[in-house]
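# Structure at a glance
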Protein chains: 2
Amino acid sequence: MAINLSIRVLRAFVVLADCRHFTRAAARCHLSQSAFSQLIRRLEEEAGTALFNRNTRNVALTAEGELLADSARRLLADIESSFAELKDRTACRKGRVAVAALPSLAADTMPRVFAACRRRFPGVALELFDGLSDRCLELVRQGRVDFALTAPGSRLAEFDSRLLLSDSFHLVCHRDHPLASKRRAGMQDLAGCELIHFARTSSVRQHLEPALADVPVLHSGFEVEHLATVAGLVANGLGVSVVPALTLFQFRRPELVAIPVDVPALVRPILFVQRKGIALSPPAAAMVKMIEAMLPVRRAARQRARSEAGRAATPRGR
Amino acid sequence: MAINLSIRVLRAFVVLADCRHFTRAAARCHLSQSAFSQLIRRLEEEAGTALFNRNTRNVALTAEGELLADSARRLLADIESSFAELKDRTACRKGRVAVAALPSLAADTMPRVFAACRRRFPGVALELFDGLSDRCLELVRQGRVDFALTAPGSRLAEFDSRLLLSDSFHLVCHRDHPLASKRRAGMQDLAGCELIHFARTSSVRQHLEPALADVPVLHSGFEVEHLATVAGLVANGLGVSVVPALTLFQFRRPELVAIPVDVPALVRPILFVQRKGIALSPPAAAMVKMIEAMLPVRRAARQRARSEAGRAATPRGR
DNA sequence: GTCAATTACGTTCTCCGTAAGGATG
DNA sequence: CATCCTTACGGAGAACGTAATTGAC
């Protein structure tokens, strides 16, 4: 009673309806003519009626065959377009990738990733959300983004996550500051400096706090949210700050100097986070691959930044 | 590359998409859960992408799965309605039967067949064409009718035909006519009678001609086309006629008498004719079965007519 | 520890191809 | 009698079920 056709059978049926010749239709379907004959017979059994009037000389659709042929043609077109759509998505010719990232990554790394992605997969729509780690995780939780690049946040165990890179910290100060000539800095070097703090909610602050526990820094009274503000304050000699390497692009001004902080424990882990047990969509997976491929470059860039740090954080050509 | 799904697989996919539980979906598809799992895996291979995010605890569609599920639901509905339409036709719930028949059959036999057919297959549209045998055959040739009930005509070899019944002849005359009291008649009884002829094109005339070759009948001067005219002429004592049993319904008047003609060679074959090598549509085949089932009834009716013939051809109720 | 999906493996069954058969023009 | 569809039959591969395995909560 239940219908159990295969698409192959429907296609073979339509081919025979078109060329009205078993031998030729069989050849066109890459089947022996005998197999083709059996296939049509089975189809007719399933349909419960003859679909072709045929003898050894002529083959023509019956009225029922005409009816089914119309449906079959429509169905095949529909099936094929549906699968074409699916293939377009798996081949990243269509689709959408939404990413949440920390402001630092959203401002520098992700635009470069997106640019490469747009070049390679022009049909894929790209979306970016920038926010602190809790906001990033919330977007992942809601399924509004495919994945997030963020620091560890609350309830991280709800997600699948893995370490993408370990972001080191740099001391940034005015080039006229006493520390500006150093090639490397330790936490104790900050003793007596006026430190510009980040808001307590930021992951940077949360990483710095323990490391600064026993360093007698002077509190500048500034506790800002945006890196650009930090840069402005430091550039005007109102204090120094300690920022992750990934944010250094904000500090590439002639009057500023960035010095790597040599405290192995002081690193900000950047995680790749996605919903637990959810496979990435093909374009999202492709983007992740691109991000990972760009990571060595970034590491090299970090090395370059480190070696440049002795002089000044000069703006990179772009 | 080419798609080779079966409907079963699509249906299984939709079932799983609906109930998001392999074991239950497998049961609903009457498959072992293992077979079901493999089936989904094969589908995903064919689709080229994961369709479900799943672990041992949760099953949910991926974005690609959602896409395919939408298509699949639509496709299944389409396929099922197409096949339902086909089943309706094979089950004679829908369809059309067109028949060509000689005027005698079209006026009496076919209406009764059609009435029975309409009762039994109310969804089937019925069409009737009445015409002489060449016209009937032409309609069959053009495919405008499914079959014809007719006398042998020109180029009969072009068709598939078989004898449906042999129509005997009756002498019809006014009840005051000298022959009216006979129970049976031979050709020689017509000697000296005024005979009302049919048009030369009619099959009746063509059958009578040879049998009358050596009978010295008087020619009435009438040569008409319609049986009702013959009946009118005979009823008014303007002559006698010899007509096939199937036309006797035209002569059921109190003033008329019908007497069977006992000439074995004088029969008019009524053929079932269809296009060569063309299968009948299901409702047409059903109608043919009904016609054949009604034939014994007709034979019985003919017997009844014969036994009534001694008295008068009294009108049957209706 | 239990429930559920996957994997392994032997069996069954479908489907194909070769070859013989039969019908038609 | 040549062409072309159908039937017969044996083999290859797909699909199924049982049972063991893995994984999640």
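Each value, and the rule that gives it
Residues numbered from 1 in each chain as written. Chains lettered and ligands numbered in written order. Predicted model: local features only at pLDDT ≥ 70, side-chain atom pairs only at ≥ 80, totals over all residues. Heavy atoms only, no water. Near = heavy atom within 4 Å. Polar contact = N/O pair within 3.5 Å; in protein donor to acceptor, adjacent residues only side chain to side chain. Helix = DSSP H or I, 4+ residues; strand = E, 2+ residues; numbered from the N terminus. Axes fitted to C-alpha atoms, helices over the stretch in contact; angles between N-to-C directions. Parallel < 35°, antiparallel > 145°, perpendicular 65-115°, else oblique. Nonpolar A, V, L, I, M, F, W, Y, C, P; charged D, E, K, R; others polar. Domains from an automatic or database assignment. Contact = heavy atoms within 4.5 Å. Buried area = accessible area lost by both parts, 1.4 Å probe. Salt bridge = Lys/Arg side-chain N within 4 Å of Asp/Glu carboxyl O.

This part covers the protein's contact with DNA strand D. In the vicinity of DNA strand D lie 23 residues, with Thr23, Gln33 and Arg54 of chain A together with Arg8 and Ser32 of chain B positioned nearest. Of what DNA strand D places within 4 Å of the protein, 67% of the atoms are sugar or phosphate. At 2.6 Å, a side-chain N or O of Thr23 of chain A approaches a phosphate oxygen of DNA strand D. Between DNA strand D and Arg42 of chain B, the relevant distance is 3.2 Å, taken from a phosphate oxygen to a side-chain nitrogen or oxygen of the residue. Mapped by element, the contributors of at least two residues to the surface near DNA strand D are α2 (22–28) and α3 (33–47) of chain A together with α3 (33–47) of chain B. Ranked by residues supplied to the surface near DNA strand D, first place goes to α3 of chain A with five residues.

Time to look at the packing of helix α4 (residues 63–90) of chain A against helix α4 (residues 63–90) of chain B. The relative placement of two packed helices comes down to the angle between their axes together with the axis-to-axis distance. In the contact formed by α4 of chain A and α4 of chain B, the axes pass within 10 Å of each other and the chain directions differ by 175 degrees. As the angle between them shows, α4 of chain A and α4 of chain B are arranged roughly antiparallel. Partitioned by chemical class, the residues of the contact of α4 of chain A with α4 of chain B number twelve nonpolar, four polar and ten charged.

With that out of the way, let us pick up the domain arrangement of chain A. All names here are of chain A. Its domain assignment divides chain A into domain 1 (7–90), domain 2 (95–165 + 269–302) and domain 3 (169–266). For domain 2 and domain 3, the distance between their C-alpha centroids amounts to 26 Å. Taken together, the contact between domain 2 and domain 3 spans twelve residues of the former and eight residues of the latter. Summing the contributions of domain 2 and of domain 3, the shared interface buries around 790 Å²; its carbon and sulfur component is 78%. Taken together, the connections running from domain 2 to domain 3 amount to zero salt bridges. Summed over the shared surface of domain 2 and domain 3, the number is zero residue pairs in polar contact (both at pLDDT 80 or more). When residues of the side of domain 2 that touches domain 3 are traced back to their parent elements, those giving at least two are α5 (103–120), β11 (267–275) and α9 (282–308). Of the residues forming the side of domain 2 that touches domain 3, the biggest block, five residues, is contributed by α5. Residue composition of the side of domain 2 that touches domain 3, by class: seven nonpolar, two polar and three charged.

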